[in-house]
Amino acid sequence: MLAQSLMALVTAVSGILGALGTPQAAAPDRPAAVAAAVTAAAEPQACPSYWVAADDGGVFTAGAAPFRGSGAGKLGAPVVGVAGTPSGRGYWLAAANGRVAAFGDAQSLGDARGTRGVVALAARPTGDGYWLATADGRVLGFGGAAALGSLAGRPLRRPVVAMASSPSGKGYLLATADGGVFTFGDARFAGAAPSARRSIVAMAGTPSGEGYWLASADGGVFSFGDARFYGAAAGVLPRPVTAMAASPTARGYWLASADGRVIAFGDARAAAPVRYPTDASRVVGIARPASSLPCPAATPGRKVVFLGDSVMFDVAAALEPALKQVPGTVVASRPWFAYGLDLSRQTYDWRKEWPTILGEEDPDVVVVLAGFGDLWAKTTAPADQRPETAEWRARYAKVVGDATRVLTAGGAKVVWIGLPWVADTNIYFPNVRARVASANQVFREAVARTPGASFVDAASLLGGPNGGYAFTVLDGTNVVQLRKPDGLHLCPPGVVRVAQAAGAEVVRTFGETLRPGWEQGPWRADVRFHQGPTLDCK
């Protein structure tokens, strides 16, 4: 996606790079604690599959990598790394206090709880053991992962930040923030980063054991031994790079940034971003299954893509499992946060991103919820900049018309979810009710002009007894919380109302109906509903 469009620029800037990669730009001084899982693989990548972990314990999946649970609230300290099992059916999370949590078919083989300063996790390719590394260079082994040496007691100019296993599982590598690489057991040394001024944050190795990559916080990539340079992300990400993983063939790699954007290089392919609408958490690790996993195949006519902003992230939490219960339906969730259709191009330019996503996914139905990013304007701004005015609606209709044409260019049908009401106390939107109503009027009119499109009235679905904003409502005799305390995002009961309506519109195009039971699924415990005082759902 974005990586492919950037390759020409990266290649031009980095054409002199050979087997030894050169960092592309100055990196922040403070390194991030991160670990990237590296395991052997030989076959080509059939599906862009990986897990992304955040420091609050959230785990997000791409492609065929399964979700087996998260560490939210379970580890007592920030998560620092993630590693996958050989089968691709499980993973481990490690926290800064030495605790390790196992999910799926990952075995719980012990941990080092109470240890301070853990920064990295690496698993043996056989899946029967793992190591933890601390910032001062100590290494602790569990299961079949023997501790083969460490940097404990050695003077280090910068801390250890990353770790990788050798292909045999009989050795490992440690990387420090200044680009130092240290090998133990049968791990092979192939070089170190040439500049101590760059903050290294992650590493990944090749299946042969004869090479590896280092990634810096500014998006630079160093390549050593038989690890080839496929590009870098210097200067193109709004947040620092924090994690790296190699593709199964080692003919490519992913870089992940703190805000969840994943960029792919070489034969690696990027899929969905991490679903965080705020800066409350940061991505700390990316790991992939040891070998390629087949992507699920949709019945003809049943591929669905979600697009939109951070409110769509909430809706997608329930809409995805609801649709997946309908046989033959395949879902790709590709929203992003903090952008508008009209403005905010520096944050996320849908005019560039959506055509790429739709080309990659080739959906039959697109579900979109976007527009909050366009409601920010001072009440003293000119009329065509204030969303409550007719002048603004006339201008915005052209933008929404462009968006609709992009969404339907490949023949997909559109389900457009309107904006729900926002609390009057939300400081970002003056004249909030008039502005939401004005945007929804534009969306309705665009849908009415689009053959096969449908509109979901989220404002009515989430309205209170008086038809306006409702934080809680009565469900029988129970009070349920529809909205998060920020007055904008949704809690599970509110998500159910919107997902039920949007899902019904989607499956109606298949001649199907939603299966009951998804409403009470495990998605309700998703970490995105519990992200601090302003984003907690009770």
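Residues numbered from 1 in each chain as written. Predicted model: local features only at pLDDT ≥ 70, side-chain atom pairs only at ≥ 80, totals over all residues. Heavy atoms only, no water.

This part takes up the environment of R288. Here R288 is to be found in the loop between β18 (283–287) and β19 (303–308). Given a relative accessible area of 3%, R288 falls into the buried group. Through-space distance from the C-alpha of R288 to that of W254 is 10.0 Å; in sequence the pair is 34 residues apart. Here the side chain of R288 touches A246 through a polar contact of 2.4 Å, landing on its backbone oxygen. (Helix = DSSP H or I, 4+ residues; strand = E, 2+ residues; numbered from the N terminus. Buried < 20%, exposed > 50% of the residue type's maximum accessible area, 1.4 Å probe, protein only. Polar contact = N/O pair within 3.5 Å; in protein donor to acceptor, adjacent residues only side chain to side chain.)

Further remarks concern the state of the cysteines. Using the criterion set out here, one finds one disulfide in the structure. One disulfide bridge connects C491 with C537, the sulfur atoms lying 2.1 Å from each other. Since a negative S-S torsion denotes a left-handed disulfide, the C491-C537 link at about -95° is left-handed. Pair noted here: C491 is in the loop between β25 (478–481) and α7 (492–508) and C537 is in the segment after α7, with a separation of 46 residues, a long-range link. A relative accessible area of 6% places C537 in the buried class. (Disulfide = S-S within 2.5 Å.)

Below, the discussion takes up the pattern of salt bridges. A complete count under the given rule lists 20 salt bridges for this structure. With a closest N to O distance of 3.8 Å, R386 and E388 form a salt bridge. Owing to a relative accessible area of 22%, E388 belongs among the partly exposed residues under this scheme. Each of K303, R334, E360 and E361 takes part in salt bridges that share partners, so that together they form one network. (Salt bridge = Lys/Arg side-chain N within 4 Å of Asp/Glu carboxyl O.)

On to the packing of helix α3 (residues 350–361) against helix α4 (residues 390–408). Put simply, α3 and α4 touch, their axes get as near as 10 Å, and they point 20° apart. Comparing their axes, α4 and α3 come out roughly parallel. Both α3 and α4 take part in a crossing whose hand is right-handed. Of α4, the residues touching α3 (which contributes W350, R351, W354, P355 and L358) are V399, D402, A403, V406 and L407. (Axes fitted to C-alpha atoms, helices over the stretch in contact; angles between N-to-C directions. Parallel < 35°, antiparallel > 145°, perpendicular 65-115°, else oblique. Left-handed = near helix turned anticlockwise from the far one by under 90°. Contact = heavy atoms within 4.5 Å.)

Grouped together as the largest cluster of nonpolar side chains are 78 residues, with contacts concentrated most on L341, W354, V367, F372, W416 and I417. Among the elements that make up this core, the one with the highest residue count is helix α2 (residues 310–324) (10 residues). Aside from chain neighbours lying at most four places away, what touches F372 is D309, V311, L419, P420, V422, F429, V436 and L488. In this structure, A204, A227, A232 and I263 belong to the second largest nonpolar core, which totals 21 residues. (Core = buried A, V, L, I, M, F, W, Y, C linked by side-chain atoms within 4.5 Å.)

This part covers the sheet that holds strand β8 (residues 139–143). Pairing within the open sheet is antiparallel, and its three strands lie in the order β6-β7-β8. The outermost strands of the open sheet, each flanked by one partner alone, are β6 (118–123) and β8. The sheet shows a mean angle of 20° between the axes of neighbouring strands, direction not considered. As defined by bridge partners, β6 adjoins strand β7 (residues 129–134) across five bridges and the pair is classed as antiparallel. Across the sheet, L121 pairs through a bridge with L132, a residue of β7. (Pairing = 2+ DSSP bridges.)

So, on to empty space enclosed by the protein. Under the definition given, this model contains seven cavities of 30 Å³ or more. Volume-wise, the second largest cavity comes out at about 80 Å³. As for the second largest cavity, its lining consists of 13 residues, and the residues nearest its centre are S165, P167, L173, G209 and G211. For the lining of the second largest cavity, the secondary-structure elements that each account for two or more residues are β9 (160–165) and β13 (211–216). (1 Å grid on protein atoms, 1.4 Å probe; cavity = no way out; pocket = protein on both sides within 12 Å on 5 of 7 lines; lining within 4 Å. Points joined across faces, edges and corners; volume = space filled by probe spheres on them.)

End to end, α3 covers 15 Å across 12 residues, agreeing with the expected 16 Å (1.5 Å per residue, within 8%). Two to three positions downstream of the cap, the backbone nitrogen of R351 sits 3.1 Å from a side-chain oxygen, assigning the N-cap of α3 to D349. Within two residues after α3, D362 carries a phi angle of roughly 50°, on the positive side. (Expected span 1.5 Å × (residues − 1).)

Helix length check: α7 (17 residues) gives 23 Å between terminal C-alpha atoms against 24 Å at 1.5 Å per residue, within 8%. When α7 is considered as a whole, its buried residues turn out to be P492, G494, V495, V496, V498, A499, A502, G503, V506 and V507.

It is worth spelling out the pairing of strand β11 (residues 181–185) at this point. Where strand β10 (residues 171–176) and β11 come together, five bridges link them in antiparallel fashion. Residue pairing for β11: L173 is matched across the bridge by T183. The turn linking β10 back onto β11 is made up of four residues, and G179 within it adopts a positive phi angle of 95°.

In this section: the packing of aromatic side chains. Enumeration over the complete set of coordinates arrives at 19 aromatic pairs. On the numbers, 5.1 Å between centres and 55° between planes, the contact of W131 with Y172 is tilted. Of this pair, W131 sits in strand β7 while Y172 sits in strand β10; the two residues are 41 residues apart in sequence, bridging distant segments of the chain. An aromatic cluster is defined as three or more aromatic residues linked by ring pairs; in this entry it consists of W213, Y230, Y253 and F265. (Phe/Tyr/Trp six-rings, centres within 6.5 Å; stacked < 30°, edge-to-face > 60°.)

Interaxial distance between α2 and α7 falls to 9 Å at its minimum, and their mutual angle equals 45°. In terms of orientation, α2 lies oblique with respect to α7. Between α2 and α7 lies a crossing whose hand is right-handed. Contact residues: α2 offers D314, V315, A318, L319 and L323, while α7 offers V495, V498, A499, A502, G503, V506 and V507.

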